[in-house]
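Analysis of the macromolecular model
Spelled out from the first residue to the last, the chains are:
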Amino acid sequence: MSTPPADSKPVHLIIADVWKKGEEDSRQVHVLLMNDDTDGLVQTALQILANEGYEEAELLEIGTLTTEPEEEPHLSAWKTALTGQVALIEFNE
């Protein structure tokens, strides 16, 4: 397992239950992104989810990944986030 360089920005992980319009059952998603504005992190995450078509979201956890994940799909998502892009992992329940 490797760690990012000391000067790299942290990768934030947001776990949420989300609903698309007209859906009764929620789906869990994990959003991984780098964001300098930690005060605006929640608003950024909600906007990303809205852009993906989710009408409602309940944020369950917000954290920071400090080491490279060992398993997929989080490993690929972490690498994507390190490039400055947003990674969204959707779980079908």
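Residues numbered from 1 in each chain as written. Predicted model: local features only at pLDDT ≥ 70, side-chain atom pairs only at ≥ 80, totals over all residues. Heavy atoms only, no water.

A few words on the pairing of strand 1 (residues 11-20). In terms of burial, strand 1 is a largely internal element, nine of the 10 residues being buried. Relative to strand 3 (residues 54-65), strand 1 is paired through 10 bridges, and the arrangement is antiparallel. Opposite Val18, over in strand 3, you have Ala57 as the bridge partner. Alignment of strand 1 against strand 2 (residues 27-33), held across seven bridges, turns out to be antiparallel. (Buried < 20%, exposed > 50% of the residue type's maximum accessible area, 1.4 Å probe, protein only. Helix = DSSP H or I, 4+ residues; strand = E, 2+ residues; numbered from the N terminus. Pairing = 2+ DSSP bridges.)

This part is about the packing of aromatic side chains. One pass over the full model with this rule turns up zero aromatic pairs. Its guanidinium or amino end placed over the ring of Tyr54, Lys20 lies 5.1 Å from that ring's centre, counting from NZ or CZ. (Phe/Tyr/Trp six-rings, centres within 6.5 Å; stacked < 30°, edge-to-face > 60°. Lys NZ or Arg CZ within 6 Å of the ring centre and 35° of its normal.)

Formed by Ile14, Ala16, Val18, Val29, Val31, Leu33, Leu41, Ala45, Ile48, Leu49 and Tyr54, the largest nonpolar core amounts to 11 residues. At the level of secondary structure, the elements contributing two or more residues to this core comprise strand 1, strand 2 and helix 1 (41-51). Residue contributions to this core peak at four residues, all from helix 1. When neighbours within four sequence positions are excluded, Leu49 is seen to be in contact with Ala16, Val18, Val29, Val31, Tyr54, Ala57 and Leu88. Formed by nine residues, the second largest nonpolar core is a distinct cluster that contains Ile15, Trp78, Ala87 and Ile89. (Core = buried A, V, L, I, M, F, W, Y, C linked by side-chain atoms within 4.5 Å. Contact = heavy atoms within 4.5 Å.)

We now examine helix 1. Of all the residues in helix 1, the buried ones are Leu41, Ala45, Ile48 and Leu49. Angularly, the buried residues of helix 1 cover 95° about the axis, an arc narrow enough to put them on a single face. Exposed and oriented more than 90 degrees from the buried face of helix 1 are Gln43 and Asn51. Here the buried face of helix 1 lies against strand 1, strand 2, strand 3 and strand 4 (87-91). Within two residues after helix 1, Gly53 carries a phi angle of roughly 95°, on the positive side. (Arc of directions from axis to C-beta.)

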